Amino acid sequence: MNYKTGQLVQLSLKDGREYEGRVISIKEERIIIKLKNGYNVGIFKKNVRDAKPIKEKPVVKNENKKPLLNKKLPKLTILHMGGTIASKVDYELGGVSPLFEPEEIISLFPELSTLVYIESKLVSRMLSENLRFSDLNKLVSAIKDALNAEKKPKGIIITHGTDMLHYTAAALSFLIENPPLPIILVGSQRSSDRPSSDSKSNLMAAVHFILKSESKGVFICIHESSSDNSCLILRGTNARKMHSSRRDAFKPINTEALARISLKDYSIEWLSKEENQNKAPKFYTMNPNLKIGMFYVHPSMCKEELGGILKMDGAIIIGTGLGHIGLNDENEFILKLIKEAISKGVIIAITPQTLFGRISLNVYSTGRKLKELGVLGHESNMLPETAFMKLAFLMSNFKKEEIYELYNKNLRGELSMKSPYEDDYIDAD
Ligand code: ASP
């Protein structure tokens, strides 16, 4: 048949159906074409009656000689960590491949060429589920380089896979004290070739936020709802991926979003107080060899599982309710393991499975026992992922006594004294 990968074709099937689209893969028995509406369709070769290539207009390269990159515009640094955002369909390979040269980014999002001068760097091509502490160090060093450049950027956008985006957002919030500009993590749940893609809207909203506000900090920019009305700017320490596939997967937890960006006119509506300090930035790194475990409390926990805590440097226990873990006679081994781990120097903190609300280790006897043993986290409303990164940051950069003091202090907005979702509980003390 007359078609090859990457070609625009018209296929007539034996049963009378007609398809027009671009060939994205040719396998032994089937060909897959991408239809104009963005969806892919697989067709058995044996069912194709006729295939005609469609003539395409030749691609005119920057015909009017307008510079794609205008250095007079405010500078935007884009750092790529990977993920679906800012990637394009590779018709040869059939998958999506990252776009990281400034010209390539502009070819995908042409409006950017009139708004910003882009400088970009590929930090990693990873799926975020593969993230390690060493990757965070690479990212901090790329941010430092961007800030030291001759022409200072107005903001930094980090394109990142969504799965662990909130871990990176929390980590950067701790690793960069007093960021002098907005550092915005942008992800997307649907790649840019799909009709429902959120790549462009999330990226454009982040760019407009950088251009129109004076905010400084680590933020996430993501769809507010499943419609295309607005995006939210969320603070890096209080957001979490709460849906596996929806475009509004990220939600602010125990706090409000910072701002809403309209996708109609990119205006900003402030939803809480703008962050804007003028202190000198300070950079930290993670110890890449640090072992921090996360233990999710559930019925019938076993020794083999929790025993791993003895081999850790630190641990986050994701406890039930106000911060509990079974400690009765049948679960006595838990108490023993925690005691032994703490005496060996393991630093342990507890966070709530409920995500919303605050830990109180004063209400039930199990909580009081944990507190007596030196488990951290009493009164904290930090997310487990934020607590994990905070502990990693503290253990990488501070002495033991300092860690015990700093963990319960609000360093980067990760702990709020009063949560809007807070319910009354009776404190036994
Ligand atoms: N698994 C991917 C990642 O987190 C999904 C995405 O790109 O959003 O990297």
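Small disclaimer: the values here were computed from a predicted structure and weren't measured.

Enquirer: Whenever I open this one, the packing of helix α8 (residues 384-397) against helix α9 (residues 400-407) confuses me. Can you help?
Expert: Packed helix pairs are characterised by how far apart their axes lie and by the angle those axes make with each other. In contact at an axis separation of 9 Å, α8 and α9 are set at 150° when each is read in the N-to-C sense. Taken as axis vectors, α8 and α9 run roughly antiparallel relative to one another. Between α8 and α9 lies a crossing whose hand is right-handed. Residues Ala387, Lys390, Leu391, Leu394 and Met395 of α8 form the contact with α9, whose own contacting residues are Ile403, Leu406 and Tyr407. Considered class by class, the residues forming the contact of α8 with α9 number 7 nonpolar, no polar and 1 charged.

Enquirer: For this particular structure, what's the right way to read the nonpolar core?
Expert: Side chains that are nonpolar tend, in soluble globular proteins, to be buried together. Core analysis: the largest hydrophobic core is formed by 58 residues, its most contacted members being Ile143 and Ile158. Other than its neighbours up to four places away in sequence, Ile143 contacts Leu79, Ile156, Ile158, Leu172, Ile176 and Ile183.

Enquirer: Is there a simple way to explain the site of the ligand in this structure?
Expert: Residues in close proximity to the ligand include Gly83, Thr84, Leu127, Ser128, Glu129, Gly161, Thr162, Asp163 and Ser188, which together make up its full environment. Here an oxygen atom of the ligand and a backbone polar atom of Ser188 are 3.5 Å apart. Coverage of the ligand by the protein chains reaches 87% of its 260 Å² of free accessible surface. Its residues assigned to classes, the shell around the ligand shows 1 nonpolar, 6 polar and 2 charged.

Enquirer: I tried to follow the pattern of salt bridges on my own but got confused; where do I start?
Expert: Between side chains of opposite charge, pairing is possible as soon as their charged atoms come close. Across all of its chains, the model carries 16 salt bridges by this definition. Of the charged contacts, one joins Asp163 and Lys241 as a salt bridge, the two residues approaching to 2.8 Å between their closest N and O atoms. Here Lys241 lies in strand β15 (residues 239-241) and Asp163 lies in the loop between β10 (155-159) and α3 (165-175), a separation of 78 residues in the sequence. Using a relative accessible area of 38% as the deciding quantity, one classes Asp163 as partly exposed. Residue classification places Lys241 among the buried residues on the basis of a relative accessible area of 14%. Among the ionic pairs, Lys336 bridges to Glu332, the shortest N-O distance being 4.0 Å. On the criterion of helical spacing, the pair formed by Lys336 and Glu332 is a turn pair, its members being 4 residues apart in helix α6 (residues 332-343). It is possible to trace a salt-bridge network through shared partners that takes in Glu224, Arg260 and Glu269.

Enquirer: I'm lost on the packing of aromatic side chains in this one. Help?
Expert: Each aromatic ring pair is described using two quantities: the centre-to-centre distance and the angle formed by the ring planes. Here the structure, examined in full by the defined rule, presents 8 aromatic pairs. An angle of 85° between the planes, with centres 6.1 Å apart, marks the rings of Tyr167 and Phe388 as edge-to-face. Highlighted residues: Tyr167 in helix α3 and Phe388 in helix α8, separated in sequence by 221 residues. An identical accessibility class is assigned to Tyr167 and Phe388; each is buried.

Enquirer: Help me understand the side chain of Asn178, please; the structure alone is not making it clear to me.
Expert: Here Asn178 shows up in the loop between β11 (176-177) and β12 (182-186). You can call Asn178 buried: its relative accessible area is 16%. From its side chain, Asn178 meets the backbone oxygen of Ala280 in a polar contact 3.1 Å long. Asn178 has contacts with Gln277, Lys279, Ala280 and Pro281, leaving out every residue within four places of it along the chain.

Enquirer: Would you take a moment to explain the sheet that holds strand β1 (residues 8-13) for this structure?
Expert: Sheet strands pair via backbone hydrogen bonds, and the direction of the pair is either parallel or antiparallel. The sheet built from 5 strands is open, its strands ordered β4-β3-β2-β1-β5 with antiparallel pairing. Either end of the sheet is taken by a strand with one partner, and the two such strands are β4 (40-44) and β5 (48-53). Neighbour to neighbour, the strand axes of the sheet diverge by 45° on average, direction disregarded.

Enquirer: I would appreciate a short explanation of α6 in the present structure.
Expert: Along an α-helix, residues three or four apart share an orientation, since each turn contains 3.6 residues. The terminal C-alpha atoms of α6, which comprises 12 residues, lie 17 Å apart, in line with the 16 Å expected from a rise of 1.5 Å per residue. Buried within α6 we find Phe333, Ile334, Leu335, Leu337, Ile338, Ala341 and Ile342. If you follow the buried residues of α6, they end up packed against α5 (303-306), β21 (314-319), β22 (347-352) and α7 (365-373). Phi turns positive, to about 105°, at Gly345, one or two residues after α6.

Enquirer: Looking at this structure, I do not really get the confidence of the model for the protein. What am I missing?
Expert: Interpretation of the predicted coordinates at a detailed level should be avoided for regions scoring low in pLDDT. On average, residues of the protein score 88 in pLDDT, and 89% of them are at 70 or above. Contacts for the low-pLDDT stretch residues 425-429, under 50 throughout, to residues beyond four places or in other chains number 16 contacts.

Enquirer: Sorry if this is basic, but what is going on with the sheet that holds β12 here?
Expert: Spatially, the 8 strands line up as an open sheet ordered β9-β6-β10-β12-β13-β14-β17-β18, and their pairing is mixed. Unpaired on one side and paired on the other, β9 (117-126) and β18 (268-270) mark the two borders of the sheet. Adjacent strand axes in the sheet meet at a mean angle of 25° when their direction is disregarded. Sheet topology note: the β12/strand β13 (residues 217-223) ladder contains 5 bridges and is parallel. If you follow Ile184 over to β13, its bridge partner there is Phe219.

Enquirer: Mind showing me how you'd approach the environment of Gly323 here?
Expert: Among the secondary structure elements, Gly323 is positioned in the loop between β21 and α6. On the basis of relative accessibility, which here comes to 0%, the residue Gly323 falls in the buried class. Between the alpha carbons of Gly323 and His378 there is a distance of 8.2 Å; along the sequence they are 55 residues apart.

Enquirer: Is there a simple way to explain the pairing of strand β2 (residues 18-26) in this structure?
Expert: Residues in a regular strand project their side chains so that they alternate between the two faces of the sheet. Sheet analysis places β1 next to β2, joined by 5 bridges and oriented antiparallel. Bridge pairing links Ser12 to Glu18 in β2. In sequence, β1 turns back onto β2 through a hairpin of 4 residues, with Gly16 there showing a positive phi of about 100°. Bridge analysis of β2 against strand β3 (residues 30-35) gives 5 bridges, and the strand direction is antiparallel. Note that in β3 the partner of Ser25 across the bridge is Ile32. Hairpin connection from β2 to β3: 3 residues lie between these consecutive antiparallel strands.

Scoring rules and cut-offs
- As a convention, each chain's residues are numbered from 1 in the sequence order in which they are written.
- With pLDDT at 70 or above as the cut-off, local features in this predicted model cover only qualifying residues; side-chain atom pairs require 80 or more to be listed or tallied, and sums for whole chains, interfaces and linings still use all residues.
- Hydrogens and water molecules were not included; the side-chain quantities draw on all heavy atoms of the structure.
- Under this scheme, a helix contributes an axis fitted over its contacting stretch, all axes are lines through C-alpha atoms, and angles between N-to-C directions fall in the 0 to 180 degree range.
- Numbered from the N terminus, helices here are DSSP runs of H or I no shorter than four residues, and strands are runs of E no shorter than two.
- Between 65 and 115 degrees an angle is taken as roughly perpendicular, under 35 as roughly parallel, over 145 as roughly antiparallel, and anywhere else as oblique.
- By convention, the crossing between two helices is left-handed when the near helix turns anticlockwise from the far helix through less than a right angle, and right-handed when the turn is clockwise.
- Between two residues, a contact is recorded if the distance between any of their heavy atoms is within 4.5 Å.
- Here the term charged refers only to Asp, Glu, Lys and Arg, the term nonpolar to Ala, Val, Leu, Ile, Met, Phe, Trp, Tyr, Cys and Pro, and the term polar to all other amino acids, Gly among them.
- For our purposes a nonpolar core is just a set of buried Ala, Val, Leu, Ile, Met, Phe, Trp, Tyr and Cys residues, chained together by side-chain atoms within 4.5 Å.
- Any residue under 20% of the maximum accessible area for its type is buried, any over 50% is exposed, and the rest in between are partly exposed; the area is computed with a 1.4 Å probe on protein chains only.
- Nearness of a residue to a molecule or strand requires only that one of the residue's heavy atoms be within 4 Å of it.
- Pairs of N or O atoms within 3.5 Å make up the polar contacts considered here, provided that, within protein, one atom can donate a hydrogen while the other can accept it, and that residues adjacent in sequence are counted only when both atoms are side-chain atoms.
- Methods summary: accessible areas were calculated by the Shrake-Rupley approach with a probe of 1.4 Å, and residue burial reflects only the protein chains presented.
- Put simply, a salt bridge is a Lys or Arg side-chain nitrogen that is within 4 Å of an Asp or Glu carboxyl oxygen.
- Pairing of aromatic side chains here covers Phe, Tyr and the six-membered ring of Trp, requires ring centres within 6.5 Å, and sorts the geometry by plane angle: under 30 degrees stacked, over 60 edge-to-face, intermediate tilted.
- DSSP bridges decide pairing: two strands pair if at least two such bridges lie between them.
- Given a helix with a known number of residues, its expected span is that number minus one, times 1.5 Å.
- What pLDDT reports is the predictor's confidence in each residue, on a scale of 0 through 100.

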